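Letter by letter, the chains look like this.
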Amino acid sequence: MPELAEVDYFRRRWDPGMGKVVEHLELHAGARVFRGCETAGWHELLQGAVMEVSLAHGKQMLFGFSGGGWLGVHLGMTGELRVESAGYEPGRHDHLVLRQAGGVLVFADSRMFGCLRLDVAVGGPPEWWRQLPPAVTSGGFSIDWVDGHLRRRHRSPIKAVLLDQAVFPGVGNWMADEILWRMGLHPLTPAGNLAGAPSRALRYHVRWVARRAMTTIGTDWSEPPASWLYRYRWAAGHCCPRPQCATPLVREEAAGRTSCWCPSCQPPPDGLTPTRKARPVRTGHRRENPLATSSARPPLS
DNA sequence: ATCTCTGTTCACAA
DNA sequence: GTTGTGAACAGAGA
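Residues numbered from 1 in each chain as written. Chains lettered and ligands numbered in written order. Predicted model: local features only at pLDDT ≥ 70, side-chain atom pairs only at ≥ 80, totals over all residues. Heavy atoms only, no water.

Colleague: Please clarify how helix H6 (residues 173–183) should be interpreted in this entry.
Modeller: Because an α-helix packs 3.6 residues into every turn, residues spaced three or four apart end up facing the same way. In terms of burial, H6 is a largely internal element, 10 of the 11 residues being buried. Contacts made by the buried residues of H6 are with helix H1 (4–13), helix H5 (158–162), helix H7 (198–215), helix H8 (217–220) and strand E10 (257–261). After H6 finishes, the residue Gly184 shows a positive phi value of roughly 70°. (Buried < 20%, exposed > 50% of the residue type's maximum accessible area, 1.4 Å probe, protein only. Helix = DSSP H or I, 4+ residues; strand = E, 2+ residues; numbered from the N terminus. Contact = heavy atoms within 4.5 Å.)

Have a look at this one:
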């Protein structure tokens, strides 16, 4: 379910396993989440190893173990990390289970769009991790970085560029909609319209939404403030939360993804043909709070 | 039964 | 070369 803040929330759910030995490992060999991997060596590499560090970067996670094993985790659409109590019997979607004293670390993913990998690297994260693009909250995520990519993709809809993980790592569908709403930009606005001075504002809003998401969803899965579009974008029938607007929100497909925007605050750009609007998205459901819906999921320690 | 989905990748069209 | 589109992946929930 993850974008940047959700990913960090799930990363910390494995915190209870930090500093502990993996006594036993179970995995669903051949499951799609291991695509591209040879899992035969995972037992030898991880059993007996201590989990020493965890990192999150955009939608990627990395767990470091003694002996040089680095477990990479991408949650895809439905992946999640949990801790279960000792003696836990894995379910059919629990594709990786790490048993430790007093607890069991679980990676589950019903749709298996997620992905796991294990690399060996001594002294630091593996090469692929070091080559990730600059985190949106870091200094490397500069105005020049943003502006350069806006120019390179000047004809693409801004929403498509925001979803590009090579440019805005960790930004997903709801974050993109939130950012665009705050900027008063229609999702189909050509990215080139933001080149130059506006790229500074885009960078600002990306960072602002990322940081604030981290202090709400990212810490305890709590909802962002009621002033956020986030609270109203999941289901049809809501209005723009901006004071003195209250225009009914639009939910339609844009750039290939279900999008939500305010037709008043985010008017279509000049020249955008209003024809052939993709089918309106009829329904929508609220995200669930995993802490509230499952007694089997203890809160973070 | 039918439709949706916080993601990514691929083939193919324009 | 670029960008858009639809399908595919696979399952749960409404």
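That was the structure; now back to the text.
Colleague: Would you take a moment to explain the pattern of salt bridges for this structure?
Modeller: A side chain of one charge can pair with a side chain of the opposite charge if their charged atoms are brought near each other. Applying the stated criterion across every chain, the model contains 14 salt bridges. With its nearest N and O atoms 2.8 Å apart, the salt bridge here joins Asp147 to Arg151. A residue pair is termed a helical-turn pair when its members lie 3 or 4 positions apart in one helix, as Asp147 and Arg151 do in helix H4 (residues 143–152) at four residues. A salt bridge links Arg231 to Glu223; the shortest N-O distance between them is 3.1 Å. A residue is classified by how much of its surface remains accessible, and Glu223, at 31% relative accessible area, is partly exposed. Through salt bridges with shared partners, a single network forms among Glu80, Arg82, Glu84 and Asp94. (Salt bridge = Lys/Arg side-chain N within 4 Å of Asp/Glu carboxyl O.)

Colleague: I tried to follow the sheet that holds strand E1 (residues 24–27) on my own but got confused; where do I start?
Modeller: Think of a sheet as strands paired side by side through backbone hydrogen bonds, with each pair either parallel or antiparallel. Ordered by their spatial adjacency, four strands build an open sheet running E1-E6-E7-E5, and the pairing between neighbours is antiparallel. Here the strands that pair on one side only, and so sit at the sheet edges, are E1 and strand E5 (79–84). Strand-to-strand twist in this sheet, taken as the mean axis angle between neighbours without regard to direction, amounts to 10°. Across four bridges, the pairing between E1 and strand E6 (residues 94–100) is antiparallel. Of the residues in E6, the one forming a bridge with Leu27 is Leu96. (Pairing = 2+ DSSP bridges. Axes fitted to C-alpha atoms, helices over the stretch in contact; angles between N-to-C directions.)

Colleague: What exactly am I supposed to notice about the sheet that holds strand E8 (residues 115–120) here?
Modeller: Across the sheet, which stays open at both edges, the four strands sit in the order E2-E3-E4-E8 with antiparallel pairing between neighbours. Strands with a single pairing partner mark the edges of an open sheet, and in this sheet they are strand E2 (51–57) and E8. In this sheet, adjacent strand axes meet at a mean angle of 20° when their direction is disregarded. As paired strands, strand E4 (residues 69–74) and E8 are joined by six bridges and run antiparallel to one another. For Gly69, the partnering residue across the bridge sits in E8 and is Val120.

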